[in-house]
Amino acid sequence: MFQDKVAIITGSSRGIGRAIALHLASQGAIIVASARNVAALESLVDDIEGQGGKALAVPGDVGLSKDVHALFAAAMEAFGRVDILINNAGITRDGLLMRMKDEDWDAVLDTNLKGAFYCCRSAAKIMSKQRSGRIVNISSVVGEMGNAGQANYCASKAGLIGLTKSIARELARRNVTVNAIAPGFIITDMTDALSDQVKEGLQGQIPLARLGEAQDIAHAVAFLASEQAGYITGQVLGVNGGMYM
C-alpha cells in the first residue's frame, strides 16, 4: 500500500507511535522515526529492518525548532522526499488548574502543539513542491470533551484539531490532505500504570466496554495516509470505542 513512501513519525519509540511505524513499514513504507529515547528508536529500526523494511532513526525533541529542521533535513538527504507525516509526539504533566506550574503548562504545549506546528511547517514546504502528501495529527478524545486535571494536555490536543483544520484549508490545492485522529483510552505504558479499579471505571464509560489497542490507531492512521483517503481532509476521526460521539 505504501511501497517506497517516506513516512516521518514523531514519538515513535513506544506505544502508539511504535505501532504506527511497524504497521506502515509492514505495508512498504520507509520509516523515519523520531523521539528522544535513542535506544528505543534504534530498537524500532532493528525490528523494522529485521522484517525486511527500511528505517532511519533521527533522535530529537520536536519542541525545538532546530531538531525538527534536522529531522526533515535528514529525511530529505537520505530519501529525497517526504510523503507522510504523523505527528504523534506527546507528553503529560497532569495537575489541577489551581496548582499547575508554569513549566508544566509550557512543557506540554511545547511538545504536543508547538512540536506539531514545527513539523507541519517543514512538511508543508516539501509536500507543496511535490504536490502530494498526507499529514495525520494524533489528537485525543479529551481534546474534544475535556478532562479534569489535564487542562494543559486537553488544550494542546484541542489546539491540534484547530491546527489540523487550518492547515487542511491551506494545503488542499497542493493535493496535501491534513486530518486528525482522536484516540480514546488506549492500552499503553501510561494506562498500564493505572489501577484495575480505574481501568474498570474507564471501561464503564466506553460503549464497546474495552480499552483500545495501539493497533486500532495504527489502522486508522494507515487509512488516512492512504490513496483511498484522497478526498478526506480537515476531519477528526474518533477512535474511542464510542466514548465520545
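Criteria and thresholds
- Residues numbered from 1 in each chain as written.
- Predicted model: local features only at pLDDT ≥ 70, side-chain atom pairs only at ≥ 80, totals over all residues.
- Heavy atoms only, no water.
- Pairing = 2+ DSSP bridges.
- Helix = DSSP H or I, 4+ residues; strand = E, 2+ residues; numbered from the N terminus.
- Axes fitted to C-alpha atoms, helices over the stretch in contact; angles between N-to-C directions.
- Salt bridge = Lys/Arg side-chain N within 4 Å of Asp/Glu carboxyl O.
- Buried < 20%, exposed > 50% of the residue type's maximum accessible area, 1.4 Å probe, protein only.
- Left-handed = near helix turned anticlockwise from the far one by under 90°.
- Contact = heavy atoms within 4.5 Å.
- Nonpolar A, V, L, I, M, F, W, Y, C, P; charged D, E, K, R; others polar.

**Things to note about the sheet that holds strand β5 (residues 133–138)**
Read from one edge to the other, the open sheet built from seven strands follows the order β3-β2-β1-β4-β5-β6-β9, with strand pairing classed as parallel. Strands at the two margins of the open sheet, each flanked by one partner only, are β3 (54–57) and β9 (236–239). Taking each pair of neighbouring strands and ignoring which way they run, the sheet shows an average axis angle of 20°.

**A look at the pattern of salt bridges**
All chains considered together, the criterion is met by six salt bridges. For R210, the salt bridge identified is with D216, shortest N-O distance 3.5 Å. Under the relative-accessibility criterion, D216 is labelled partly exposed at 28%.

**Observations concerning the packing of helix α3 (residues 65–79) against helix α4 (residues 102–130)**
Contact geometry for α3 and α4: axes closest at 9 Å, N-to-C directions at 35°. Remark: the crossing between α3 and α4 carries right-handed chirality. The segment α3 lies against α4, with S65, V68, F72 and M76 engaging Y118, C119, R121, S122, A123 and I126. Here the residues of the contact of α3 with α4 sort into seven nonpolar, two polar and one charged.

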